[in-house]
Amino acid sequence: MENQVSNKNNVVISGVGLWTPANTITNEELVESYNAWATQYNIDHAAQIEADELSPKPLSSAAFIEKASGIKSRYVYAKEGVLDINRMRPKLEPRSDDELSHQAEMAVAAAEKALQAANKTPADVDMVIVACAYTERSYPAIAIEVQAKLGIQGFGFDMLVACSAATFGLQRAHDSVAAGSAKCVLVINPELTSPQVNYTDRDSHFIFGDVATAVVVETAASCQSEHSFDVLGTRCVTSYSNNIRSNFGYVARVTDEDPFATDKLFHQNGRKVFKEVCPMAAEHIESHLNDVGVQVSQLRRWWLHQANINMNLLISKRLLGRDATADEAPVVLDTFANTASAGSIIAFAKNHEDLKKDDIGVICSFGAGYSIGSLVLKKR
């Protein structure tokens, strides 16, 4: 699905907001906890391991994590419990129905920053999209809760497209503004990923971090921000794959399965994902650029999905024919880790104010589904 800049209303991104939790966990902290848990597991199950009924849990290292992913640390909404070998998951206090939910709290904080950057107030907004990998409940929508908290008149809804949720949400916002069904849209990505992380799995316990991002989308005629970008085109595509899954859901109640079993948490076939997604993403970006009349050589900046440093390096090299510089394709996953759909928006938030008028960049995210979304932007 695709849209170009020929819409009757020229659409712009006028503001972006980034909110980070107060807590961080380094690779060293995570490894110390995981190795202590793994060692105790192997001791407790020594007889079954000796009888080949169970496999021993392998140990890890901070160097292994950084080499495999490029990640050095991550933000977490709640640090308590994550490093406790008797718990190995975050501990959050439940909130009543009358209290602001954890995820809405994150979303509001990012939205306020985006509105400030766009020189907008809640009265200017008439549509709210919360687009992320997970929502903490089915209904009412987190977006409607955020809308109420901010005092926005209009409507809101949630979108779940895993790690491509932010770009898919931005395309929906773009289409609405272009069609005139909304005048100003807040697209918010409150990525509370840590509850779905299996902190007892060596190959995935280090991948994700928590964060919230938000973007304001409006018409060029109403834009009053210092840093804004014309949206030259948007494109989204999906192709079904089982290689990245999270099976948590309400149906477990009636199938009598453990709703928190390993297969209900995030899991993936990392090698297959790397092999299949990298060429898909490169081809997607190149095709999208061609269709909006932009050559790869004209791109000033690449705001790519922040899942794995090796994926980003391979995608940009495939397109450029050389390694991209840190200035061309900034990396933020070293300190944020994989923040699901928010990764490319973090890269954009932290690396857009230095661009000059008419500089062109591309935001691209990719993930489970498979799903890939991109926006080609031009600095105004």
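Relevant structure appears above.
Residues numbered from 1 in each chain as written. Predicted model: local features only at pLDDT ≥ 70, side-chain atom pairs only at ≥ 80, totals over all residues. Heavy atoms only, no water.

What follows is about the pattern of salt bridges. What the rule picks out here adds up to 17 salt bridges. Between Asp230 and Arg380 there is a salt bridge, with the nearest N and O atoms lying 3.2 Å from each other. One end of the pair, Asp230, is in strand 9 (residues 229–238); the other, Arg380, is in the segment after strand 14 (371–379), and 150 residues separate them in sequence. On the basis of relative accessible area, Arg380 is assigned to the partly exposed category, the value being 33%. Overlapping salt bridges bring together Arg300, Arg301, Asp327 and Asp354 as one network. (Salt bridge = Lys/Arg side-chain N within 4 Å of Asp/Glu carboxyl O. Helix = DSSP H or I, 4+ residues; strand = E, 2+ residues; numbered from the N terminus. Buried < 20%, exposed > 50% of the residue type's maximum accessible area, 1.4 Å probe, protein only.)

Soluble, globular proteins show a tendency: their nonpolar side chains are buried together. One finds Ile285, Trp302, Ile315 and Phe366 to be the most contacted residues of the largest nonpolar core, which totals 52 residues. Elements with a contribution of two residues or more to this core: helix 1 (27–44), helix 8 (270–291), strand 12 (299–304), helix 9 (309–320), strand 13 (360–367) and strand 14. In terms of residues, this core owes the most to one element, helix 8, which gives 7 residues. Judged by nonpolar contacts, the second largest core, of 32 residues, contains Val177, Phe229, Trp303 and Leu375. (Core = buried A, V, L, I, M, F, W, Y, C linked by side-chain atoms within 4.5 Å.)

Turning our attention to the layout of surface pockets. In this structure, the second largest pocket encloses a volume near 710 Å³. If you trace the second largest pocket, you find 30 residues lining it, with Ile207, Gln268, Gly270, Arg271 and Asn308 closest to the centre. For the lining of the second largest pocket, the secondary structure elements donating two or more residues are helix 3 (62–69), strand 11 (267–268), helix 8, helix 9 and strand 13. In terms of residues, the lining of the second largest pocket owes the most to one element, helix 8, which gives 5 residues. Of the residues belonging to the lining of the second largest pocket, the class tally is 16 nonpolar, 11 polar and 3 charged. (1 Å grid on protein atoms, 1.4 Å probe; cavity = no way out; pocket = protein on both sides within 12 Å on 5 of 7 lines; lining within 4 Å. Points joined across faces, edges and corners; volume = space filled by probe spheres on them. Nonpolar A, V, L, I, M, F, W, Y, C, P; charged D, E, K, R; others polar.)

Scanning all chains against the criterion turns up 11 aromatic pairs. Considering the side-chain rings of Phe229 and Trp303, the 6.1 Å spacing of their centres and the 90° angle between planes classify their relative orientation as edge-to-face. Separated by 74 residues along the polypeptide, Phe229 in strand 9 and Trp303 in strand 12 bring together distant segments of the chain. Judged by centre distance (5.8 Å) and plane angle (25°), the ring pair of Phe248 and Phe260 falls under stacked. Within this pair, whereas Phe248 is found in the loop between strand 10 (244–245) and helix 7 (252–255), its partner Phe260 is found in the loop between helix 7 and strand 11, the two being separated by 12 residues in sequence. Joined through ring pairs, the aromatic side chains of Tyr34, Trp37 and Tyr41 make up one cluster. Between Lys57 and the ring centre of Tyr41, over which it is positioned, the NZ or CZ distance is 5.1 Å. Over the ring of Phe64 we find Arg202; its NZ or CZ atom is 4.7 Å from the centre of that ring. (Phe/Tyr/Trp six-rings, centres within 6.5 Å; stacked < 30°, edge-to-face > 60°. Lys NZ or Arg CZ within 6 Å of the ring centre and 35° of its normal.)

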